[in-house]
Amino acid sequence: MTTRRSRLWALAGLFCLPAVVQSAQVDVIDARQAGRGGVGLTFDERDSRWPARDAMTLQLGILASDEDRLLRDVDEFEQELERQQNAVLADGDVLADRMEAADGKIAQVDIGGQIRVAPRAGSPTLVVRQQTRVGIRFRYDERDRETLNRAANTPGLIDLIGDLLGTPVFERDDIESRVIATGVAVTDLGLSQGWQSDDMNLQLTGTLKYQRVSLLNSSQRASRFDISELLRGAERRDHDTANMDLAALWHSDGPRPLALAATVENLVPQQFAGPDGVRFHQRPLVAIAVGQRGDRWQTELGVDVTRRTGYGELDSSRMARVGGEYRVGRQGRVSAGYRHDLDGNVAHTVSLGAGLAVRRLHLDAAVLVGAGDTLGVAAGISWRAADVE
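Please read all numbers here as calculations on a predicted model, not as lab measurements. (Residues numbered from 1 in each chain as written. Predicted model: local features only at pLDDT ≥ 70, side-chain atom pairs only at ≥ 80, totals over all residues. Heavy atoms only, no water.)

Empty space within the second largest cavity amounts to approximately 190 Å³. Forming the walls of the second largest cavity are 19 residues, and the residues nearest its centre are R133, E265, N266, Q282 and R308. Within the residue set of the lining of the second largest cavity, elements represented by two or more residues are β3 (125-139), β4 (178-197), β5 (202-221) and β9 (279-282). (1 Å grid on protein atoms, 1.4 Å probe; cavity = no way out; pocket = protein on both sides within 12 Å on 5 of 7 lines; lining within 4 Å. Points joined across faces, edges and corners; volume = space filled by probe spheres on them. Helix = DSSP H or I, 4+ residues; strand = E, 2+ residues; numbered from the N terminus.)

Turning our eyes to something else, we now look at the pattern of salt bridges. Under the criterion given, the structure shown has 25 salt bridges. The partner of R145 in a salt bridge is D93, with the nearest N and O atoms 2.9 Å apart. With R145 in helix α5 (residues 143-152) and D93 in helix α4 (residues 92-101), this pair connects stretches of sequence that are 52 residues apart. Among the residues examined, R145 registers a relative accessible area of 14% and is labelled buried. In this structure, R143 engages D141 in a salt bridge whose closest nitrogen and oxygen atoms are separated by 2.8 Å. Residue class for D141 comes out buried when judged on its relative accessible area of 17%. When salt bridges with common partners are traced through the structure, they connect D93, D97, E100, E142 and R145 into a single cluster. (Salt bridge = Lys/Arg side-chain N within 4 Å of Asp/Glu carboxyl O. Buried < 20%, exposed > 50% of the residue type's maximum accessible area, 1.4 Å probe, protein only.)

Bringing the pairing of β3 into the picture now. By the criterion of burial, β3 is predominantly enclosed, with twelve of the 15 residues buried. In terms of strand pairing, strand β2 (residues 106-117) meets β3 through twelve bridges, oriented antiparallel. Across the sheet, D110 pairs through a bridge with R133, a residue of β3. Two elements, β3 and β4, share 15 bridges in a ladder whose sense is antiparallel. Across the sheet, T125 pairs through a bridge with S192, a residue of β4. (Pairing = 2+ DSSP bridges.)

When α4 is considered as a whole, its buried residues turn out to be G92, L95, A96 and M99. Looking down the long axis of α4, one finds its buried residues gathered within 100 degrees of arc, a one-sided arrangement. (Arc of directions from axis to C-beta.)

Let's shift gears to the packing of aromatic side chains. As enumerated under the stated definition, the model contains two aromatic pairs in all. Where F77 meets F138, the ring centres are 5.7 Å apart and the plane angle is 50 degrees; that geometry is what we call tilted. On the criterion of sequence distance, the pair formed by F77 in helix α3 (residues 70-84) and F138 in strand β3 is long-range, its members being 61 residues apart. The exposure class assigned to F77 is buried, which follows from its relative accessible area of 2%. (Phe/Tyr/Trp six-rings, centres within 6.5 Å; stacked < 30°, edge-to-face > 60°.)

In this structure, M99, I136, F138, L148, V179 and F225 are the most contacted members of the largest nonpolar core, which totals 23 residues. Those elements that provide at least two residues to this core are α3, α4, β3, β4 and α7 (227-232). It is α3 that provides the largest number of residues to this core, a total of five residues. Apart from the residues within four sequence positions on either side, F138 is in contact with L70, V74, F77, M99, A102, D103, G104, K105, S177, R178, V179 and A222. Listed in part, the eight residues of the second largest apolar core include V184, F272, Y311 and L314. (Core = buried A, V, L, I, M, F, W, Y, C linked by side-chain atoms within 4.5 Å. Contact = heavy atoms within 4.5 Å.)

Here it is as structure tokens:
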């Protein structure tokens, strides 16, 4: 594994909080869904057309993407500036051109998890979930071209005198280009209650939740880039609020039923101010999906109708997802899927997943791979409710 990819995974580890996001839209939180590209229609293995009911489930997932290879570039800039700090640059424009070409490049991390507990059929489900999204972007400053050219044009004797006196031609802190990180961490604690009509083939679910929205900001000179320090030194502003999620699922009759689903995450739009005064607009995220299942297979297609809003350097996104799952024997399942950002801001990914059911215990894992240095993993364990055996 490369150093830059190791640093990106270290970034993800720093934000690994104990708990996730609305499962119908989440791409890496639910391992079984992640294996199918993130679509949220998970049917039971039995003859029932409704999703399976778990007494307890625990899910964790990470997706780290450096599609532009930003971390590699900034590492090279930092090393080059360190080498040239007390030496004569051959041509300041060469390094300045490389830095300017990297302007706007971004690396992103999405990490989260969820715990759901439903002790009895018909009783409310306790939901604890958390998701953190972080964007890291390079911002070039044109003043650095003048600084680097001044160093390149300094006569060698003057540069030597500067070295002897301990006053080099330019200090690394003279470089004004910066690496900026902004993030949104959302933690939910809620109760989910469902209503089901077999006559209408309709299932409705509502989740009322306490929510903590944390906004993160950090900035660092490119000449002193250290991703761990960048994230540990982030300013943070927390906001406590309440919100609601809604979901609806309908299915047709017949041996190969068709299913239609819609979800609304964060029904009430709200605004929150970050540490630097920039506001984060949390708008309702509406998603729809269609799926079909057979005796051993299911396939589905989903799309975000509205955008998941960005914040600062973190871009917005609107995902389309397609995937399928196939049962292997009585206990196994394999899946594959594809996720595409319609806004073009987040790396597209291909996913593969596998699951194993041992009586009431269900285990799932998925891997997501995308362009550049883009890699994600998700894992989940669930305990099936006794009334569905």
